[in-house]
Amino acid sequence: MRLPRAIRLDRSDLDIFESPCQEGEWAVPGTFAFADIDPETVDRKQRLAFGSAWLGIESFGFTTLVEIAEIDEAGFFRAVEQLAQHLVTRYGAPNLAAALPAARAELDDAASLGDHKLGTLLAIAREMTDEGIKERVRVIKPERAKDHAKIWSFTDE
């Protein structure tokens, strides 16, 4: 199974988000975290998170980019439980049993992005519309990937 995982290509997430997630955390789009905000009245860091961040499900911090990575079944279900517990603690779900289906749906949605090859980078963009929050996920493709030369090779001795 494949799931988005937080990746940090530089230190910018540490500066732009109030609460950045750790590199290597499993991540979900996390748009539910912004359901009650008004992007016009929040501070700059919250506005940046709303507009362009994924939600890490260990720290519940934010990351700008994720990569597609493999997760085993046990890891996936641990992630569902972590997110469900967060929905109870932070978002007022009445209990873990009620939160588990919502957490599973969020992780299933994230897993549906895993049809890209391993290591593919994804970014997310959100905007507030008259119909609610509109979310777009885009694949980050290196502009000149074919121009890069292979500089290392391994040979058996």
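Scroll up a little and you will see the structure.
As the structure is a computational prediction, the values presented were derived from the model and not from experiment.

Our next topic: the overall build of the protein. In terms of helices and strands, the protein carries four helices and seven strands. Tracing the protein from N to C terminus, the helices and strands come up as β-α-β-α-β-β-β-α-α-β-β. The proportion of buried residues among the 157 residues of the protein is 37%. By sequence separation, contacts in the protein at least 24 residues apart represent 66% of the contacts at least 6 residues apart.

With that settled, consider the sheet that holds strand 2 (residues 27-28). Taken together, the three strands give an open sheet; going across it, the order is 2-3-4, and neighbouring strands pair in antiparallel fashion. Two strands close off the open sheet at either side, each with one partner strand: strand 2 and strand 4 (62-63). Pairing geometry for strand 3 (residues 54-56) and strand 4, over two bridges, is antiparallel. Following the sheet pairing, Leu 55 is matched in strand 4 by Phe 62.

Turning our eyes to something else, we now look at the packing of helix 3 (residues 73-89) against helix 4 (residues 96-111). It is the contact of helix 3 with helix 4, at a shortest axis distance of 8 Å, that shows an interaxial angle of 125 degrees. In terms of orientation, helix 3 and helix 4 fall into the oblique class. Where helix 3 crosses over helix 4, the two elements pack in a sense that is right-handed. Taking contact as the criterion, the partners of Phe 76, Phe 77, Ala 79, Val 80, Glu 81, Leu 83, Ala 84, Gln 85, Leu 87 and Val 88 in helix 3 are, on helix 4, Leu 96, Ala 99, Leu 100, Ala 102, Ala 103, Arg 104, Glu 106, Leu 107, Asp 108 and Ala 111. In terms of residue class, the contact of helix 3 with helix 4 is built from 15 nonpolar, one polar and four charged.

As summarised here, the arrangement of the four strands in space is 1-5-6-7, forming an open sheet in which the pairing is antiparallel. Each edge of the sheet is formed by a strand with only one pairing partner; in this case those strands are strand 1 (2-7) and strand 7 (132-140). Pairwise comparison of adjacent strand axes, ignoring direction, gives a mean angle of 40 degrees for this sheet. On top of the sheet, helix 2 (residues 44-52) reaches strand 6 (121-129) and strand 7; it is set at about 110 degrees to strand 6, its chief contact.

With that out of the way, let us pick up the pairing of strand 5 (residues 65-70). For strand 5, the tally of buried residues reaches five of six residues, placing the bulk of the element in the interior. Summarising the sheet, strand 1 and strand 5 pair through six bridges and their orientation is antiparallel. Counted as the bridge partner of Pro 4 is Ile 68 from strand 5.

By size, the foremost hydrophobic cluster in this structure holds 27 residues, and its most contacted members are Leu 3, Ile 57, Phe 62, Phe 76 and Leu 107. Among the elements of the structure, helix 2, helix 3 and helix 4 are those that each provide at least two residues to this core. A total of six residues in this core trace back to one element, the largest contributor, which is helix 3. Residues contacting Phe 76, with those up to four places away along its chain left out, are Met 1, Leu 3, Ile 71, Arg 104, Leu 107, Asp 108 and Ala 111. Ala 27, Trp 54, Val 66 and Leu 113 belong to the second-largest nonpolar core, a separate cluster that totals seven residues.

What follows covers the packing of aromatic side chains. Tallied over the entire structure, the rule returns five aromatic pairs. The rings of Phe 17, Phe 34, Phe 50 and Phe 62 are connected pair by pair, giving a single aromatic cluster. When the ring centre of Tyr 91 is taken as reference, the NZ or CZ atom of Arg 90 above it lies at 4.9 Å.

Calculation criteria
Just so you know, the residues in each chain are numbered from 1, in the order the chain's sequence is written. In keeping with the model being predicted, local features are shown solely for residues with a pLDDT of at least 70 and side-chain atom pairs are shown and tallied solely at 80 or more, while totals for entire chains, interfaces and linings include all residues. Each side-chain value is derived from all of the structure's non-hydrogen atoms; neither hydrogens nor water enter the calculation. The way it works is that DSSP assigns letters per residue, a run of H or I at least four long becomes a helix, a run of E at least two long becomes a strand, and they are numbered from the N terminus. We call a residue buried when its accessible area falls under 20% of the maximum for its residue type, exposed when it is over 50%, and partly exposed in between, using a 1.4 Å probe and counting protein chains only. Between two residues, a contact is recorded if the distance between any of their heavy atoms is within 4.5 Å. The rule for pairing is simple: two strands pair if DSSP sees at least two bridges between them. Here an angle of 0 to 180 degrees is reported between the N-to-C directions of two axes, which are lines fitted to C-alpha atoms, with helices fitted over the stretch in contact. Reported orientations rely on four angle classes, namely roughly parallel under 35 degrees, roughly antiparallel over 145, roughly perpendicular from 65 to 115, and oblique for the rest. Left-handed describes a crossing whose near helix is turned anticlockwise from the far helix by less than a right angle; the clockwise case is right-handed. Side-chain classes are defined by residue name, with Ala, Val, Leu, Ile, Met, Phe, Trp, Tyr, Cys and Pro counting as nonpolar, Asp, Glu, Lys and Arg as charged, and the others, Gly among them, as polar. The nonpolar core is taken to be a set of buried Ala, Val, Leu, Ile, Met, Phe, Trp, Tyr and Cys residues, with the residues joined through side-chain atoms within 4.5 Å. Each Phe, Tyr or Trp ring, with Trp reduced to its six-membered ring, pairs with another whose centre is within 6.5 Å; inter-plane angles below 30 degrees give stacked pairs, above 60 give edge-to-face pairs, and intermediate values give tilted ones. When the NZ atom of lysine or the CZ atom of arginine is within 6 Å of a ring's centre and also within 35 degrees of its normal, the charge is said to sit over that ring.

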